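Residue-level structure breakdown
One letter stands for each residue in the lines below.
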Amino acid sequence: MRQDPERNSVEWEGRSLLKALIKKSALSGEQVHILGCEVSEEEFREGFDSSINSQLVYHDFFRDPLNWSKTGDAIPEGPLEVLRAMCARTGPGPATIALDSLSWLLLHLPCTTLCQTLHALNHMDSCPGNSSPSERMRVLGLLHEELHGPGPLAALSTLAHTEVTLSGTGDQASACILYRRPQQRPIRKTQWFSILPDFSLDVQGVSPLKSQPHPDAYTSPVDPTTHLTFNLHLSKKEKEAKESLTLPFQFSSEKQHALLCRGLGQATSHIFYEPDAYADLDQEDADDDLDI
């Protein structure tokens, strides 16, 4: 599965790019499932021709997500069950599922539950009923970055193989694309494009690929023992010097022998105590009450 969450901002909305990617998937013959949470089905389908709309399976969570109107049109199982059903699908050929949007799902579902469900889509080979490894599922997710903290954003980034961050104004936008592949250094490139009224992409230019400069989940960790101001290990000569050194607080056998067996002529020490005039001297034996 290739997972492409787009981060949009107030400067450039990402739904147009999401619909352009949906059109590309539909033109390649894939069946496209859409979890619509933020706009109505009519508004989302607007701009697509009949051939594209015929390949879109729209799961409407915008009109009446809790079925308050009791019309029976709402989907009772919820968005999580739709995603889990996509994991267990046995239909022929690849498919695409578009989340409009990941931000809505994050605001209504636990982050861990959503990430686990997306992770299951990322490992379709382990899902029950999916016997063909060629039947791949691509997930497109629209994410409003300004609505979430760094924790959920980092969790979703670890699931994404490709991450697109939009910027720009007017009719032209730029997409900063980050490619992540297992056991490889992340690659980043910037691509200028515009979206035509029929949701076709018009690419103006692409910057050359370059390695990601900052650390990432797939980069090798930094060795913490480099550039230290001290040694973590001792040489053989340093170990011998350490073992032969007697520390001042250690009571060695030489010190014990010197204290107990003083030779002739050596100075001895005496303690003299002279109580002062007002000292309260107790003449009784302190241990008189003890049977010793």
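Going by the structure above, here's the rest.
Keep in mind it's a predicted model, so treat the numbers as computed, not measured.

Cut-offs and rules
Residues numbered from 1 in each chain as written. Predicted model: local features only at pLDDT ≥ 70, side-chain atom pairs only at ≥ 80, totals over all residues. Heavy atoms only, no water. Helix = DSSP H or I, 4+ residues; strand = E, 2+ residues; numbered from the N terminus. Buried < 20%, exposed > 50% of the residue type's maximum accessible area, 1.4 Å probe, protein only. Contact = heavy atoms within 4.5 Å. Areas by Shrake-Rupley, 256 points an atom, 1.4 Å probe, with all protein chains shown as cover. Polar contact = N/O pair within 3.5 Å; in protein donor to acceptor, adjacent residues only side chain to side chain. Salt bridge = Lys/Arg side-chain N within 4 Å of Asp/Glu carboxyl O. Patch = residues over 30% accessible without salt bridge, like charges linked within 9 Å, V, L, I, M, F, W, Y side chains within 5 Å. Lys, Arg positive; Asp, Glu negative; His and termini not counted. Charge placed at Lys NZ, Arg CZ, Asp CG, Glu CD. Axes fitted to C-alpha atoms, helices over the stretch in contact; angles between N-to-C directions. Parallel < 35°, antiparallel > 145°, perpendicular 65-115°, else oblique. Nonpolar A, V, L, I, M, F, W, Y, C, P; charged D, E, K, R; others polar.

**Description of the overall build of the protein**
Looking only at helices and strands, the protein features nine helices and ten strands. Taking all 292 residues of the protein together, the buried fraction comes to 38%. By sequence separation, contacts in the protein at least 24 residues apart represent 63% of the contacts at least 6 residues apart. About 19,100 Å² of surface is accessible on the protein, with carbon and sulfur atoms providing 56% of the total.

**Quick notes on the side chain of Arg 180**
Along the chain, the position of Arg 180 falls in the loop between β7 (172-179) and β8 (187-195). Engagement of the side chain of Arg 180 in a polar contact is seen with the side chain of Glu 163, the distance being 3.1 Å.

**Quick look at the side chain of Thr 96**
With respect to the element layout, Thr 96 can be found in strand β4 (residues 95-100). There is a polar contact of 2.4 Å between the side chain of Thr 96 and the side chain of Glu 30. Look past the residues within four positions of Thr 96 in its chain and what remains in contact with it is Ser 25, Glu 30, Gln 31, Val 32, His 33, Met 137, Arg 138 and Leu 140.

**Details of the pattern of salt bridges**
Once their charged atoms are close, side chains differing in charge can pair, the charge on each being opposite to the other. Enumeration according to the criterion identifies six salt bridges in this entry. Among the ionic pairs, Arg 15 bridges to Glu 38, the shortest N-O distance being 2.6 Å. Of this pair, Arg 15 sits in helix α1 (residues 15-27) while Glu 38 sits in the loop between β2 (31-36) and α2 (41-45), and the two are 23 residues apart along the sequence. With a relative accessible area of 25%, Glu 38 lands in the partly exposed category. We note a salt bridge from Lys 23 to Asp 198, for which the minimum N-O separation is 3.4 Å. Of this pair, Lys 23 sits in helix α1 while Asp 198 sits in the loop between β8 and β9 (201-206); the two residues are 175 residues apart in sequence, bridging distant segments of the chain.

**What to know about a negative patch on the surface**
Taken together, the side chains of Glu 284, Asp 285, Asp 287, Asp 288 and Asp 289 present a region of like negative charge at the surface. Mapped onto the fold, Asp 285 is located in the segment after α9 (253-260). Among the residues examined, Asp 285 registers a relative accessible area of 52% and is labelled exposed.

**What about the environment of Gly 205?**
Within the secondary structure layout, Gly 205 lies in strand β9. Looking at Gly 205, the relative accessible area reads 24%, which means it is partly exposed. The residues contacting Gly 205, other than those within four sequence positions of it, are Thr 190, Gln 191 and Trp 192.

**Describing the packing of helix α6 (residues 111-122) against helix α7 (residues 150-159)**
Their axes nearest at 10 Å, the elements α6 and α7 cross at an angle of 10 degrees. When the interaxial angle is binned, α6 and α7 end up roughly parallel. Within the contact between the two elements, α6 uses Cys 111, Cys 115, Leu 118, His 119 and Asn 122 and α7 uses Pro 152, Ala 155, Leu 156 and Leu 159. Residues of the contact of α6 with α7, tallied by class, amount to seven nonpolar, two polar and no charged.

The analysis is restricted to geometry; functional conclusions fall outside its scope.
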